[in-house]
Amino acid sequence: MALTEKISMAPDERCDHAARTGSPIIDARNVAVTFKVEGGTVDAVKDVSFQLYRGETIAVVGESGSGKSVTARTVMGLLTKRATVAVHSRIEYDGKNVLKFSDRQRRALRGDRISMIFQEPMSSLNPVYTVGAQIIEAIRVHQKMSRKQAAERTLELLRQVQIPDPESRFNQYPHQLSGGQRQRVMIAMALANNPDVLIADEPTTALDVTVQAQILNLIRDLQQKLGMAVILITHDLTVVRQFSDYVYVMSQGEVKEHNTTDALFKSPQHPYTRHLLASEPKGMANPPPVDSAVILEGSNVRVSFMLKHGGFFRSRLKELVAVDSLSLKLHRHETLGLVGESGSGKTTFGQALVKLLTADGGEIFFDGEPIHARTRDQMRPLRSRMQVVFQDPFSSLNPRMSVGQIIEEGLIVNRLGDNKSDRLARVEQALVSAGLPHNILSRFPHEFSGGQRQRIAIARAIALEPEFILLDEPTSALDLSVQAQIIDLLRKLQDERGLSYLFISHDLKVVRALCHRVVVMQHGKIVEEGPVDEVLSHPKTAYTERLVKAAFEVAA
Amino acid sequence: MKADVQPAISTSVPPAKGHGNETYTALVWRRLKRSWTGMIGLILVCLLMIMTIFAEFFAPVDPKLTGVGFAPPQTISMTDRDGNFVFPPRTYQIRETEELDPVTFQPIVGPDYENPQSLGFFVKGFEYSLFGLIPAQRHFFGATDGSPVNFLGTDKFGRDVLSRIIYGSRISLMIALTVVFIITVVGTTVGMVSGYFGGRLDAWVQRFVELVLAFPQLPLYLALTSLIPVTAPTNVFLAFVIFVMSALGWAQMSREVRGKTLALARIDYVRAAMAIGATDRRIIFQHIFPNVMSHVIVAVTLAIPNVVLLESFLGFLGFAVKPPLISWGLMLQDTATYSVIGSYPWILAPVGFVLVTVFAFNALGDGLRDAVDPY
């Protein structure tokens, strides 16, 4: 059956094979890569075949761990020493098998005929050289050109990637550029030698939503202008739909299904594809009971940080206002979304409201009690009633503590539960409520996947039976399908327990699925607020409009 | 055609198989086993420890027994004087002969061919009590008739160098372990408190740490040495040596721990503990200390050889424990004169043991460093 499945949904040849003329520029057949790890090997890529024709964009979609990046690195010959490519694998570039190339031949190919841009523009540029110097080097490695000619070509490239004021950027260092500009520099560097193939490995994941669309549009424009072929690796289906001609769906090291973009989105065949398409966050939160009491209120909350600003004998301080006199009210059984780009102060505001940070001004009331003047010790009796779930489940669980210890700690600290067995019963109940089996108490966080870890973090919060939970981007570090599960879980918990959530996010899709009201922040100020449908369907400010567009249609 | 799609709400947890649910120690052990230098270090450290604990058993001769001064190492031969093969192997004690050197009129020393000593394992020798309790007289290696053999020669009073080295490892390693224990406790406490609470306290503590680090160490050690009255009893002297060596060492340790604590205090699980309402004490002991511990263990294994080196070096300069205690540093005090080294190089033998010790702990520390952070 496995064989028939493969033939019906993921044959080695492309589905639009007959309509194509000419031969593909990259033709990969049965690529398999294994990694040596402690205690054995891992088959990162089991069987991947794909073809790429000149001038088109193919997308490789999959969740983390599906092997999509490893496939790309195999094409580039950038695998680590621990990886072995199976002998029967073949990757042909222009009819030549690149897997048989010597190191020298590979270097000649890499960055010249095939180039790649990476996810993290911060770490892909060398901080001690100017942007110009780095691009010039990329050119002169592959082409015989004088320094002056190369500099001219660099300026031309910087203009091509639409960096404002390219002449002055040329002499700047990477830290002087924004994330989006750095990614543009990376693209310029990748284009330096007019490659035939550009591999973009999650090129926008590390960027703000509004910048994402600009970068993707730029890649598309350049592709059309220069006639490159592009392999776009992503987990974001919205991106795939808008920017690719042909889609390969990968999971667990195999291509599960591939088809032209239109056909794939119209009639997905493989259950995994269907599952992936269905996992876009959807649905709405059930409406809260009308006239419920206010549980958390902040008025004129202000948080600022003192930054050292030069000065030799006496450090001159510069004040950075992260949260500028903001007010909000959160009712019981309600979810309030706090939305904004990175640096808008939303996390700072959230943490100040639960007193994980000290505000310099304003008043905060929890269930009618003023808490803005309370010290950490005075806050302790309230801690079990207000909980926090953090963004990154990999750093929010202590690696040296077992799941049981992690969840039980809050009970011990707050003196909940009469004795050890009562506490354990509560821990098990919290785990079950969070959708985890109850028999994992003695296991450690590193044994679990990201989604499961986030469930453990949620179990830690709900074990204390809080009334209010601050959710600080709880889904943004997770895969799409896991995201949907966590959202369902949060909704279910809210309905069962009447919880109130303050939900911090940059992703309006998730916000729409979970929140009743939304507050939009920019540069430490609130720019817009209201019921979620109203704000998302009729944004009043240009900033909100940009965020909405970025979330729902990418091509802003 | 059922695909591996997870249900919407509950989640399937991978079964506890393979190395997924290994304890932390098991993970560290498996990774340490991969580093062969680390394993060599571990084996050498174990051998050294066994040798130190059972020093009486391994020492062939009573370290206080005197004989011919500066006797060269005895050679082990498989043949007798006429070249015939003999078993067990034998050796000849160094004796003063009747003849005098025609130039110096000193008695000529040389192997006593008349009385061969045959060698063996688990022989009876001088009496001792194991751990101060069990009377015994078996020795690992020695002459079968119980007479003294000097495999590494003798020192100026005619005491056996090898036996003194084996006994000396006790004091040397005891000093190293005590000093490292003290600097670890002080350094870790200061580092964690300073890094966790931060602010003004941190600033002042760090200035003080810098002051300690900036001290010129050698003159300070020698100055402190002159403070000890010569008439002080040996145990007071030993305590003082330990105190002087610990006085400066903790600063470096506290720096490392503080850096690690600073990073840990900003990690989400510490913030999560604060959100739960945990006290500072709980956060330090439950969340920061276990995560700092792995780095401390590595720092400890790398600090031990430093103290061993320091002890032998200070000993060479004249600052060592007082007899009747024996330490490697004290033995090296005798090597301070060039003429002595030139004529009797075997008294440098403790250097070889210092070398092995330093290598063993360093190799183990390097192996551990790679192994302690498996996540």
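Residues numbered from 1 in each chain as written. Chains lettered and ligands numbered in written order. Predicted model: local features only at pLDDT ≥ 70, side-chain atom pairs only at ≥ 80, totals over all residues.

*Asks:* Even after reading the chapter, I still don't get the overall build of chain A, so can you show me in this structure?
*Replies:* Helices and strands together make up the secondary structure of chain A, namely 21 helices and 21 strands. For a compact globule of 556 residues, the expected C-alpha radius of gyration is about 24 Å, and chain A comes in at 26 Å, within 12% of that figure. If one aligns the C-alpha atoms of chain A with their principal axes, the spans along those axes are about 70 × 65 × 45 Å. The 556 residues of chain A split such that 46% are buried. In chain A, the proportion of contacts linking residues at least 24 apart, taken out of those at least 6 apart, comes to 69%. (Helix = DSSP H or I, 4+ residues; strand = E, 2+ residues; numbered from the N terminus. Rg over C-alpha atoms; globule rule 2.2 N^0.38 Å. Buried ≥ 20, exposed ≤ 12 C-beta atoms within 10 Å, placed from the backbone. Contact = placed C-beta atoms within 7 Å.)

*Asks:* Explain the overall build of chain B to me, please; I cannot follow it from the model alone.
*Replies:* Each helix and strand in chain B was counted, giving twelve helices and four strands. Rg of the C-alpha trace for chain B: 27 Å, well past the compact-globule value of 21 Å for 375 residues, more than 25% over. Taken along its principal axes, the extent of the C-alpha atoms in chain B is 100 × 65 × 40 Å. Looking at the 375 residues of chain B, the share that counts as buried comes to 35%. Within chain B, residue pairs in contact and separated by at least 24 positions form 69% of the contacts whose partners lie at least 6 positions apart.

*Asks:* Sorry if this is basic, but what is going on with the sheet that holds strand β2 (residues 85–100) of chain B here?
*Replies:* Remark on secondary structure: sheet strands pair via backbone hydrogen bonds, oriented parallel or antiparallel. Residues and elements named next belong to chain B. Pairing in this open sheet of four strands is antiparallel, and the strands run β1-β2-β3-β4 from one edge to the other. Two strands bound the open sheet, and with one partner strand each, they are β1 (76–79) and β4 (134–143). Neighbouring strand axes in the sheet, compared pairwise and without regard to direction, differ in orientation by 50 degrees on average. For β2 and strand β3 (residues 107–130), the ladder comprises seven bridges, and the chain directions are antiparallel. Bridging from a neighbouring strand, Tyr 92 pairs with Pro 116 of β3. (Pairing = 2+ DSSP bridges. Axes fitted to C-alpha atoms, helices over the stretch in contact; angles between N-to-C directions.)

*Asks:* What am I meant to see in the environment of B:Thr357 here?
*Replies:* Residue and element names in this part refer to chain B. Secondary-structure assignment places Thr 357 in helix α12 (residues 349–371). Accessibility expressed as a C-beta count within 10 Å gives 23 for Thr 357, which makes it buried. Distance from Thr 357 to Ala 265, taken between C-alpha atoms, is 36 Å for residues 92 residues apart in sequence. Excluding its chain neighbours within four sequence positions, the residues that come into contact with Thr 357 are Leu 48, Pro 305 and Val 308.

*Asks:* Any chance you could explain the confidence of the model for chain B here in plain terms?
*Replies:* Segments scoring low in pLDDT should not have their predicted coordinates read at a detailed level. Residues and elements named next belong to chain B. Here chain B averages 81 in pLDDT, while 93% of its residues score no lower than 70. In the model, residues 1–10 has pLDDT below 50 throughout and makes 19 contacts with residues more than four positions away in sequence or in other chains. Note that residues 16–20 has pLDDT below 50 and, in this model, six contacts with residues that lie over four places away or in other chains. For this predicted complex, the interface confidence score (ipTM) comes to 0.73, while the overall pTM stands at 0.75. (pLDDT = per-residue confidence, 0-100.)

*Asks:* How should I be thinking about the nonpolar core in this particular structure?
*Replies:* What tends to happen in soluble globular proteins is that the nonpolar side chains get buried as a cluster. Counting residues in hydrophobic clusters, the biggest one holds 228 residues, and the most contacted among them are A:Ala188, A:Val197, A:Ala459, A:Leu502, A:Phe503 and B:Val307. The residues touching A:Leu502, leaving out its near neighbours within four places in the chain, are A:Leu296, A:Leu330, A:Leu336, A:Leu338, A:Gly350, A:Leu353, A:Leu470 and A:Leu471. (Core = buried A, V, L, I, M, F, W, Y, C linked by C-beta atoms within 7 Å.)

*Asks:* What should I look at first to understand helix α18 (residues 480–497) of chain A in this one?
*Replies:* Along an α-helix, residues three or four positions apart point the same way, because every turn accommodates 3.6 residues. Residues and elements named next belong to chain A. When the terminal C-alpha atoms of α18 are compared, their 26 Å separation across 18 residues agrees well with the 26 Å that a helix rising 1.5 Å per residue should span. Those residues of α18 lying buried are Leu 480, Ser 481, Val 482, Gln 483, Ala 484, Gln 485, Ile 486, Ile 487, Leu 489, Leu 490 and Gln 494. Its buried side turned inward, α18 meets α12 (271–278), β14 (335–339), α17 (450–462), β19 (500–505) and α19 (508–514). Once α18 finishes, Gly 498 follows within two positions and takes phi at roughly 65 degrees, a positive value. (Expected span 1.5 Å × (residues − 1).)

*Asks:* I tried to follow helix α9 (residues 209–226) of chain A on my own but got confused; where do I start?
*Replies:* Residue and element names in this part refer to chain A. In this model, α9 (18 residues) spans 26 Å end to end at C-alpha, consistent with the 26 Å of a helix rising 1.5 Å per residue. Among all positions in α9, only Val 209, Val 211, Gln 212, Ala 213, Ile 215, Leu 216, Ile 219 and Leu 222 are buried. The inward-facing, buried residues of α9 contact α6 (147–160), α8 (179–191), β8 (197–201), β9 (229–234), α10 (237–243) and α21 (542–552). One or two steps after α9, the chain reaches Gly 227, where phi turns positive at roughly 65 degrees.

*Asks:* How do you make sense of the confidence of the model for chain A when you look at a structure like this?
*Replies:* For chain A, mean pLDDT is 84; residues scoring 70 or higher make up 95% of the total. Within chain A, the lowest mean pLDDT, 52, falls on helix α1 (residues 2–9) of chain A, and the highest, 92, falls on strand β18 (residues 468–472) of chain A.

*Asks:* Looking at this model, I keep getting lost on the pairing of strand β10 (residues 246–251) of chain A. Mind explaining?
*Replies:* Both faces of the sheet carry side chains from a regular strand, because those side chains alternate between them. Residue and element names in this part refer to chain A. Here β10 lies mainly inside the structure; six of its six residues are buried. The alternating pattern of β10 places Tyr 246, Tyr 248 and Met 250 and Val 247, Val 249 and Ser 251 on opposite faces, both of which are buried. Pairing of strand β3 (residues 57–61) with β10, which is carried by four bridges, proceeds in the parallel orientation. The residue of β10 that forms the bridge with Ala 59 is Val 247. Sheet analysis places β10 next to strand β11 (residues 254–260), joined by six bridges and oriented antiparallel. Within the sheet, the bridge partner assigned to Ser 251 lies in β11 and is Glu 254. Between β10 and the antiparallel strand that follows it, β11, lie two residues; Gln 252 among them carries a positive phi value of about 50 degrees.

*Asks:* Whenever I open this one, unusual backbone geometry confuses me. Can you help?
*Replies:* Where the residue is not glycine, phi is negative for most of them; where a peptide bond is considered, it is trans in most cases. Residues and elements named next belong to chain A. In this structure, Asn 194 is a non-glycine residue whose phi angle is positive, near 45 degrees. By the element assignment, Asn 194 lies in the loop between α8 and β8. The backbone phi angle of Asn 300 is positive, close to 50 degrees, even though this residue is not glycine. Structurally, the position occupied by Asn 300 is in strand β12 (residues 294–308). Overall, Asn 300 belongs to the partly exposed group, with 13 C-beta atoms counted inside 10 Å.

*Asks:* Would you take a moment to explain the environment of A:Ile295 for this structure?
*Replies:* All names here are of chain A. Within the secondary structure, Ile 295 sits in strand β12. The buried category is assigned to Ile 295, around which 22 C-beta atoms lie within 10 Å. Sequence separation between Ile 295 and Phe 366 is 71 residues; the distance between their C-alpha atoms is 5.6 Å. Leaving out residues up to four positions away in the same chain, Ile 295 has contacts with Leu 330, His 331, Arg 332, Phe 366, Asp 367, Glu 467, Phe 468 and Ser 500.

*Asks:* Where do I start with the sheet that holds strand β20 (residues 517–522) of chain A in this structure?
*Replies:* Residues and elements named next belong to chain A. Ordered in space as β17-β18-β19-β14-β20-β21, the six strands form an open sheet in which the pairing is mixed. Of all strands in the sheet, those bounded by a partner on one side alone are β17 (386–389) and β21 (525–531). Neighbouring strand axes in the sheet, compared pairwise and without regard to direction, differ in orientation by 15 degrees on average. As defined by bridge partners, β20 adjoins β21 across six bridges and the pair is classed as antiparallel. Opposite Val 518, over in β21, you have Gly 530 as the bridge partner. Those strands touched by α17 are β17 and β18, and its axis lies near 175 degrees from that of β17. Where α21 meets the sheet, its contacts fall on β14, β20 and β21, and the angle it forms with β21 comes to roughly 65 degrees.

*Asks:* Sorry if this is basic, but what is going on with the environment of B:Met192 here?
*Replies:* All names here are of chain B. Turning to its location among the elements, Met 192 is positioned in helix α4 (residues 161–197). What makes Met 192 buried here is the crowd of 23 C-beta atoms within 10 Å. Considered as a pair, Met 192 and Phe 313 are 121 residues apart in the sequence and their alpha carbons are 31 Å apart. Each residue touching Met 192, except ones within four places of it in the same chain, is listed here: Val 257, Thr 261, Ile 284, Ile 288, Phe 289 and Val 292.

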